[in-house]
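# Close look at the chain arrangement
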Amino acid sequence: MIDPTARLEDGVIVDPLAVIGPNVEIGTGTVVGSAAVIGANVRIGRDCNVGAHTAIQAALIRQQRPDPSRLQHRQDGYGFVFFGPGGHLKVPQTGRVVIQNDVEIGAGTTIDRGSLRDTVIGEGTKIDNQVQIGHNVTIGRHCLLAAQIGLAGSLTIGDNVALGAKVGINNHLKIGDGAQVTAMSAVKDDIPANGRWGGHFAKPTRQWFREIVAVERLVRDGSADQKGEGRE
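Overview of the structure.

## Re the sheet that holds strand 24 (residues 162–163)
Taken in spatial order, the 7 strands make up an open sheet running 15-18-21-24-27-29-30, and their pairing is mixed. Each edge of the sheet is formed by a strand with only one pairing partner; in this case those strands are strand 15 (104–105) and strand 30 (202–204). By the bridge criterion, 2 bridges tie strand 15 to strand 18 (residues 126–127) in an arrangement that is parallel. Bridge pairing in strand 18 places Ile 105 opposite Ile 127. Contacts from helix 1 (residues 205–221) reach strand 29 (196–199) and strand 30, with the element oriented near 105° to strand 30.

As structure tokens, this is what we get:
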């Protein structure tokens, strides 16, 4: 089902049961999989691959190499004003999702459209499966995001950043260029460029490792048990 106002260049392949909404633009060589839904005003560049059952709203997806990704986007970011017992007021999400060249996005990943600014995925970034990216997040170029990462809103992530599986990062933080975060870490502070951080809460890995060794030494020597005697 293709809306008559949609503009598809020659060579676009649309598989059965796909839905393409009003004013959509799709470049040549792009494949739209079965039962995919492309919402109004979405622009998709050339040589993209939109997987089956994918839903895309409010997105700008630039030219990519063949078969780069499967994309799945929620239309709205998670934005509410707290009103207490009477309920909550939803904040309008008016930004877009902008996906630059050569980005790969795994199955089950959700990217929230921006509220105050666009959500941007930088050129060459590779995102694994089941990743949550909040509204207003900016991810730089050539980053690597492993599975089940959670990025809260309004983060700024620099270029060439690597995040291990199940990393969680709090909102409004800045992760510097070249930083690396160990899997299953929880980040609540800014990370400087080229920082190597890990833990819960995350800190420089050398400090984290020293703390782990110190605790293990206390347990091994019995110091921790002795200090805890008589407290209960």
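And the narrative resumes.
## Overview of the packing of aromatic side chains
In total, this model carries 1 aromatic pair according to the counting rule given. The lysine or arginine in question, Lys 188, covers the ring of Phe 201, its NZ or CZ lying 5.7 Å from the ring centre.

## Some remarks on the environment of Val 91
Locating Val 91 in the fold gives a position in the loop between strand 13 (88–90) and strand 14 (97–99). Using a relative accessible area of 31% as the deciding quantity, one classes Val 91 as partly exposed. With 12 residues separating them in the primary sequence, Val 91 and Gly 79 have C-alpha atoms 5.3 Å apart. The contacts of Val 91, once residues within four sequence positions are left out, are Gly 79, Phe 80 and Val 81.

## Observations regarding the sheet that holds strand 6 (residues 37–38)
Strand order in the open sheet made by the 3 strands is 3-6-9, with parallel pairing throughout. One side of each edge strand has no neighbouring strand; the edge strands of this open sheet are strand 3 (19–20) and strand 9 (55–56). The pairing of strand 3 with strand 6 spans 2 bridges and is classified as parallel. Pairing of Ile 20 across the sheet is with Ile 38, part of strand 6.

## A short note on the pattern of salt bridges
Counted by the stated rule, this structure contains 7 salt bridges. One salt bridge in this structure joins Lys 203 and Glu 211, with 2.9 Å as the shortest N-O distance. Note on Glu 211: relative accessible area 33%, which makes it partly exposed.

## Looking at a nonpolar patch on the surface
A cluster of nonpolar side chains, Val 81, Phe 83, Leu 89 and Val 91, forms an exposed patch at the surface whose accessible area comes to about 330 Å². Within the secondary structure, Val 81 sits in strand 12 (residues 80–82).

## A look at helix 1
Taking 1.5 Å of rise per residue, the 17 residues of helix 1 would be expected to cover 24 Å, and the 24 Å separating its terminal C-alpha atoms lies within 8% of that figure. Phi turns positive one or two residues past the end of helix 1, at Gly 222, with a value near 85°.

## Digging into the environment of Gln 148
Assignment of secondary structure puts Gln 148 in the loop between strand 21 (144–145) and strand 22 (150–151). The class for Gln 148 is partly exposed, based on a relative accessible area of 37%. Remark: the alpha-carbon pair of Gln 148 and Val 131, spanning 17 residues in sequence, is separated by 4.7 Å. Once residues lying within four places of it in the same chain are set aside, the contact partners of Gln 148 are Asn 129, Gln 130, Val 131, Lys 166 and Val 167.

Procedures and definitions
- Residues numbered from 1 in each chain as written.
- Predicted model: local features only at pLDDT ≥ 70, side-chain atom pairs only at ≥ 80, totals over all residues.
- Heavy atoms only, no water.
- Pairing = 2+ DSSP bridges.
- Helix = DSSP H or I, 4+ residues; strand = E, 2+ residues; numbered from the N terminus.
- Contact = heavy atoms within 4.5 Å.
- Axes fitted to C-alpha atoms, helices over the stretch in contact; angles between N-to-C directions.
- Phe/Tyr/Trp six-rings, centres within 6.5 Å; stacked < 30°, edge-to-face > 60°.
- Lys NZ or Arg CZ within 6 Å of the ring centre and 35° of its normal.
- Buried < 20%, exposed > 50% of the residue type's maximum accessible area, 1.4 Å probe, protein only.
- Salt bridge = Lys/Arg side-chain N within 4 Å of Asp/Glu carboxyl O.
- Patch = residues over 30% accessible without salt bridge, like charges linked within 9 Å, V, L, I, M, F, W, Y side chains within 5 Å.
- Areas by Shrake-Rupley, 256 points an atom, 1.4 Å probe, with all protein chains shown as cover.
- Expected span 1.5 Å × (residues − 1).

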